[in-house]
Amino acid sequence: MEKKKLVVIGNGMAPGRMLEYLFEKDRDAYDVTIFNAEPRVNYNRLMLSPVLSGEKAYEDIITHGDDWYGENGVTLHKSAKVSEIDRTAKTVTAENGVSAHYDKLVIATGSNPFIIPLPGKDLDGVLTYRDLDDVEKMLEAAKGGGRAVVIGGGLLGLEAAAGLKMQGMDVTVLHLMPTLMERQLDPAAGFLLEEEFKRRGIEVRTKANSHEILDDGSGRVKGIRLDDGTEIDASIIVMAVGIRPSSDLAKSVSLDVGRGVQVGDDMRTNDPDIYALGECVEHRGMCYGLVAPLYEMAEVIADNLLGGTAEYTGSVTATKLKVTGVDLYSAGDFAEGEDREEIVLRDAAAGVYKRLVLKDNRIIGAVLYGETADGPWFFDLLKKQSDVSEMRETLIFGQAYQGGAPLDPTAAVAALPDDAEICGCNGVCKGKIVNAITEKGLTSLDDVRAHTKASASCGTCTGLVEQLMQVTLGDAYNPAAVTPMCGCTHLGHSEVRRLIKSKQLKTIPAVMQELEWTSSGGCAKCRPALNYYLVSDWPDEYADDYQSRFINERVHANIQKDGTYSVVPRMWGGMTSSKELRAIADVVDKFNIPAVKCTGGQRIDMLGIKKEDLPAVWADLGKAGFVSGQAYAKGLRTVKTCVGSDWCRFGTQDSTGLGIKIEKFMWGSWTPAKLKLAVSGCPRNCAEATCKDIGIICVDSGYEIHFAGAAGLDIKGTEVLGLVRTEEEALEHVVALTQMYREQGHYLERIYKWAKRIGYDEIRSQIMDDEDKRKAFFDRFVFSQKFAQVDPWSERVSGKDKHEFKPMAILQAEAAE
Amino acid sequence: MNAETRNWVAIGDLADIPREGARVVKTDRGCIAVFRTVDDEVFALDDRCPHKGGPLSQGIVHGSSVTCPLHNWVFDLATGLARGADEGSVPVTAARVENGKVLLAADDLARRAG
Ligand code: SRM
Ligand SMILES: Cc1cc2nc3c(=O)[nH]c(=O)nc-3n(C[C@H](O)[C@H](O)[C@H](O)COP(=O)(O)OP(=O)(O)OC[C@H]3O[C@@H](n4cnc5c(N)ncnc54)[C@H](O)[C@@H]3O)c2cc1C
Ligand code: SF4
Ligand code: FES
């Protein structure tokens, strides 16, 4: 039987979730096609603010990447805005001409930012805050500096203001009402919030009514005039004054539309084959602008699509503001009224304000500022309409004070009932998380996120989830899922790498300052790591800091136990010649080198050389055409080969030639840890390619690429990356894989550990299946080689760092007398 | 003895030592490592780690410490004492900078010789 066709218009957070529910229950019920006006995959819109502030990168907030669509057989049309629905023929058509037939249609067009119809609203530099394009425009504008005026002191406006400030702009917030976030906060909390923003150097003007946006004469914004005549200079204006459900498309085909697309409790519109979902919906007269209710709708639709009868009956919502360092939580209704009582707690010194509004001994509203840990607990009491008269006296102090001695936060979490909601965005309760942890044996926060969605949206309940893991797993839980890089920081390698990119940090002191290193000059663990990350991320801009390199990489030889050095020249692919061997023999004699050895990497090691002699040894080796073998580098070491089709009766391809080609292409590159390759001419595998970081096994039909092997501290056979046909392809794949590792690996993390951490399939899909990604990795590697492929030995023979090799002074005994 | 009344031996220019780096001064009694910190302070220690003789001049200099290149013991440059869990100390030679010249204390050098 042919599968039924499900078409979704809009690729936002709500349909993303709906499809997950759907596939969880029945992966094969529908052929799914999605139209997205945005030119990209699905991402976590809530996290745009951390992207704006530089605390996260776009890559970090993707919820469904290209591979997800591939794996689930979902067709995603990007940059395809649907402009027509034909309800009779059951087709939808996008502006770009792409069309699709549906059996069931889900309209999930989200909402549009409201634009105040001011004169000048169409000028260049007037922005809204809704999607990644908006964030990119703001970031672009922030580079030019100047002042940003944000119109609207609600959730979005304040997150935008805080982000733009962190990007270095001067910021003014204009708010029509007397206090900020008046829909979620009472005036007292609004005031505290305003003070906090002012303390951060953000100007806040309340009761400010905009009159006109001013033109600089060329069609660009130059400022804004208020009703009272005040003029404020601005290089950008961000309008964040509210949203309107995006319902025009539905209206154009005669679906019932009020403020939003009207649906019943089964989430169907007045056309039984068309559902509406998300912010574009109007349900029982309500439109929602937060994700929690949308996820509930998503679950109902998934059920209905599979013939179920689930119903959506509306939601109560709670709000948090995601500005780092501001703790704010509000839920329910907190207007004053005769039939209402309130409980207030203020602690001015600590900047804490809490207020609960009660009616008939039940919480109907809560506002928390400065300390919000009890928010979910209050919200739980509110939703369940629990009678609180028993704990009236101590209620405001929070859950820890209920009954007996105050609990520490972990004990308080332990005391929560199983149905207490932990993650508001995703409606995940404690019992569900605990079950997932125990049944599936989850041990890391990422696992819990993946399995339960808890803390996967706005992230503010992360602390609670961690405490819950602590309670459930006891000592088995190691919160150092993020192990700090070293004692100088609490950040792990991944965060540091991410922040270096997102905050554009380009020197070691800049990293230490911006990421709040706790030591003044780092230590021998973090400095080499930072130096590598900067070399790898900014190959053309960063000046390698030699003082942050381990001695071997500073003097380009391996230090030995007695303080002498060993020297290993490159022998490309393990091939050598009488001329090379003669040159080595001469050097050994001339400098009295005590030991000469064949290494495990198919080349020759000269051991026991005095440091002062190194430049002269290199000069002689250089004359014979040798360059450094980088036997000391966290970089490309050896490419071992076997004799291959040139000589061997079993050889299928020129393994020696390919190994040499790869080594010549890749030498000089720095990598997170050392990188060793091998190419074997047939599956007999004499070059031991299947225990290397990257290995190639030649076969009749081409080249089988392997990766993630180990044969040092750990022993592990390689994984297969894939089979390619030509030498050129083999080179391209190997190089792209290396670059991916260079960009993501933690310092000192060999390929096999990195690959395990991020997943073999992920690597295969990016390198084997995604040609654009592969080419982009390849190109970035080639670019960085421009700066890396310089023989360090010849540089030093010509005088670079000569201080390294000579004593500063020689003191005779008399001098010291 | 304070700085003024001590005898000092000039060993070269401050600029000869890289910031967060070190140079070696050879003496009859083994090498001395002369370190320069990021804020241009100089310190001199025997170039011999008390653990297994590693050349401290080849280590990474961070803050006012150096990490030995062989097995990562960390030493305080001012006192020569091992930091953290390791126990041991390296003889210190007083060092200072004057008019861009690096000076070592003659009597410390003499004591080493003796
Ligand atoms: C010279 C050589 C031994 C030999 O005489 O054959 C050697 C010598 C050293 N190896 Fe090795 N390894 C040598 C091949 C290997 C191999 C075999 C290979 O490359 O095919 C391995 C196993 C494969 C691998 O890399 O995992 C190997 C696994 C290690 C390890 C364990 C790495 C791991 O992550 O498991 C270390 C320790 C480390 O890197 O932290 C190490 C570290 C070292 C060091 C650098 C120890 C040190 O930190 O001082 C030795 C330096 C001696 C010197 O000055 O030359 N060496 N070492 C080989 C040089 C190869 C070359 O031509 O560049
Ligand atoms: C900066 C910011 C911060 C936020 N913070 C929070 C928060 O902390 N907590 C919270 O609960 N909520 C927050 N929200 C709100 C939350 O993001 C939304 O409620 C949620 O994303 C709405 O999901 P949706 O799927 O309905 O619509 P959207 O996620 O808006 O997706 C709609 C998609 O449909 C596309 N589209 C529209 N028309 C068409 C068409 N005709 N054809 C094809 N595609 C179309 C749009 O381009 C868009 O990609 C925030 C929103 C923003 C912008
Ligand atoms: S196995 Fe490698 S690290 Fe160990 S002693 Fe031999 S050369 Fe050194
Ligand atoms: S020799 Fe210095 S730490 Fe071992």
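Refer to the preceding data block for the structure.
Description of the structure in this document. (Residues numbered from 1 in each chain as written. Chains lettered and ligands numbered in written order. Predicted model: local features only at pLDDT ≥ 70, side-chain atom pairs only at ≥ 80, totals over all residues. Heavy atoms only, no water.)

### Concerning the overall build of chain A
Convention followed: What counts as a helix is a DSSP run of H or I of at least four residues, what counts as a strand is a run of E of at least two, and both are numbered from the N terminus. Accessible surface area values rest on a Shrake-Rupley calculation with a 1.4 Å probe, where residue burial reflects the displayed protein chains alone.
Of the regular secondary structure elements, chain A holds 25 helices and 41 strands. In the structure as shown, chain A presents an accessible area of about 35000 Å², 49% of it carried by carbon and sulfur atoms.

### Overview of the interface of chain B and chain A
For the record, the criterion: Working rule for contacts: check all heavy atoms of both residues, and any pair within 4.5 Å makes them a contact. Buried area counts how much accessible surface, traced with a 1.4 Å probe, disappears from two parts once they are put together, with both parts' losses summed. Salt bridge, as used here: a side-chain nitrogen of Lys or Arg that lies within 4 Å of a carboxyl oxygen of Asp or Glu. As used in this structure description, the phrase polar contact means that two N or O atoms lie within 3.5 Å; if the pair is within protein, one of them must be able to donate a hydrogen and the other to accept it, and residues adjacent in sequence are counted only when both atoms belong to side chains. Under the scheme applied here, ten amino acids are nonpolar (Ala, Val, Leu, Ile, Met, Phe, Trp, Tyr, Cys and Pro), four are charged (Asp, Glu, Lys and Arg), and all others, including Gly, are polar.
Contacts between chain B and chain A engage 32 residues on the former and 32 residues on the latter. Carbon and sulfur atoms make up 59% of the surface buried where chain B meets chain A, a total of about 2500 Å² over both sides. Among the residues chain B hides against chain A, the three largest losses belong to Lys26, Gln58 and Ile60 of chain B. Together they make up 27% of the total. Our enumeration of links across chain B and chain A arrives at 2 salt bridges. Between chain B and chain A we count 15 residue pairs in polar contact (both at pLDDT 80 or more) in total. Looking at the side of chain B that touches chain A residue by residue, the classes come out as 15 nonpolar, 9 polar and 8 charged.

### Digging into the packing of aromatic side chains
Residues and elements named next belong to chain A. The criterion, for reference: Any two rings among Phe, Tyr and Trp, with Trp reduced to its six-membered ring, count as a pair given centres within 6.5 Å; such a pair is stacked if its planes are under 30 degrees apart, edge-to-face if over 60, and tilted if neither. Between buried and exposed lies partly exposed: a residue is buried under 20% and exposed over 50% of the maximum accessible area for its type, with that area taken using a 1.4 Å probe on protein chains only.
Here the structure, examined in full by the defined rule, presents 16 aromatic pairs over all chains. Plain terms: the ring middles of tryptophan 572 and tryptophan 667 are 6.4 Å apart, the flat faces sit at 70° to each other, and that makes the pair edge-to-face. Taken as a pair, tryptophan 572 in the loop between strand S31 (565-567) and helix H18 (578-590) and tryptophan 667 in the loop between helix H20 (655-666) and strand S35 (675-680) lie far apart in primary sequence, 95 residues in all. Pair check on accessibility: tryptophan 572 and tryptophan 667 agree, each one buried. Measuring from centroid to centroid gives 6.0 Å for phenylalanine 707 and tyrosine 760, while their planes differ by 80°, and the two rings are edge-to-face. Of this pair, phenylalanine 707 sits in strand S37 (residues 702-707) while tyrosine 760 sits in helix H23 (residues 760-769), and the two are 53 residues apart along the sequence. Site record: aromatic cluster; members linked through ring pairs are Phe23, Trp68 and Tyr69.

### Thoughts on the pattern of salt bridges
Enumeration according to the criterion identifies 62 salt bridges over all chains in this entry. In this structure, aspartate 76 of chain B engages arginine 83 of chain B in a salt bridge whose closest nitrogen and oxygen atoms are separated by 2.5 Å.

### Details of the sheet that holds strand S27 (residues 362-369) of chain A
Residues and elements named next belong to chain A. Quick note on the threshold: The criterion for strand pairing is that DSSP finds at least two bridges linking the strands in question. For helices, the fitted line uses only the C-alpha atoms of the stretch in contact; every axis is such a line through C-alpha atoms, and the angle between N-to-C directions lies from 0 to 180 degrees.
Strand order across the open sheet formed by 5 strands is S23-S24-S27-S26-S25, with antiparallel pairing between neighbours. With partners counted over all chains shown, the strands left at the sheet margins are strand S23 (318-320) and strand S25 (341-347), one partner each. Strand-to-strand twist of the sheet, defined as the mean angle between neighbouring strand axes without regard to direction, takes the value 15°. Two strands pair when backbone bridges link them, and strand S26 (residues 352-359) and S27 are joined in this way by 7 bridges, in the antiparallel orientation. Across the sheet, the residue bridging to leucine 358 is isoleucine 363, located in S27. Its contacts with the sheet place helix H6 (residues 187-199) against strand S24 (328-332), S25, S26 and S27, and it is angled at close to 15° to S27.

### Topic: the site of ligand 2
Residues and elements named next belong to chain A. Formally: Definition of nearness: a residue and a molecule or strand are near each other if at least one heavy atom of the residue lies within 4 Å of the molecule or strand.
Around ligand 2 lies a shell of 30 residues, among which Glu38, Arg45, Arg130, Glu279 and Lys322 are the nearest. At 3.2 Å, a backbone N or O of methionine 13 approaches an oxygen atom of ligand 2. For ligand 2, whose accessible area on its own is 1000 Å², the fraction buried by protein is 94%. When residues of the shell around ligand 2 are assigned to their parent elements, the largest contribution, 3 residues, is made by helix H1 (residues 13-25).

### Observations concerning the sheet that holds strand S5 (residues 75-77) of chain A
Residue and element names in this part refer to chain A. With respect to topology, 5 strands assemble into an open sheet ordered S5-S2-S1-S9-S21, the strand pairing being parallel. Strand pairing shows two members of the sheet lacking a second neighbour, S5 and strand S21 (274-276), which therefore form its edges. Sheet twist, expressed as the mean angle between neighbouring strand axes with direction ignored, is 15°. Pairing of strand S9 (residues 104-107) with S21 involves 3 bridges; the strand directions are parallel. By the bridge assignment, isoleucine 107 is partnered in S21 with alanine 276.

### Thoughts on the side chain of aspartate 380 of chain A
If you trace the backbone, aspartate 380 of chain A turns up in helix H9 (residues 375-384). Among the polar contacts made by the side chain of aspartate 380 of chain A, one reaches the side chain of lysine 384 of chain A at a distance of 2.8 Å.

### A few points about the packing of H20 of chain A against helix H21 (residues 727-744) of chain A
Residues and elements named next belong to chain A. Inclusion rule: Under this scheme an angle from 65 to 115 degrees is roughly perpendicular, one under 35 degrees roughly parallel, and one over 145 degrees roughly antiparallel; angles in between are oblique. For any helix crossing, the convention is left-handed if the near helix is rotated counterclockwise from the far helix by under a right angle, and right-handed if that rotation is clockwise.
Their axes nearest at 11 Å, the elements H20 and H21 cross at an angle of 40°. Judged on the interaxial angle alone, H21 and H20 are oblique. For the pair H20 and H21, the crossing hand works out as right-handed. For the pair H20 and H21, the contacting residues are Leu658, Lys661, Ile662, Phe665 and Met666 in the first and Glu727, Glu728, Ala730, Leu731, Val734, Val735 and Thr738 in the second. Here the residues of the contact of H20 with H21 are counted per class, giving 8 nonpolar, 1 polar and 3 charged.

### Some words on helix H24 (residues 771-788) of chain A
All names here are of chain A. What counts here: In this analysis, the expected span of each helix is defined as 1.5 Å times one less than the number of residues it contains. As used here, the arc is the angular range of directions from the helix axis to the C-beta atoms.
Taking 1.5 Å of rise per residue, 18 residues should cover 26 Å, and H24 covers 25 Å from first to last C-alpha, within 8% of that figure. Buried within H24 are the following residues: Arg774, Phe777, Phe778, Phe781, Ser784, Gln785 and Ala788. Seen along its axis, H24 keeps its buried residues to an arc of 130°; they face one direction. In H24, the exposed positions that point more than 90 degrees away from the buried face belong to Asp772 and Lys786. Against the buried residues of H24 lie H20, H21 and H23.

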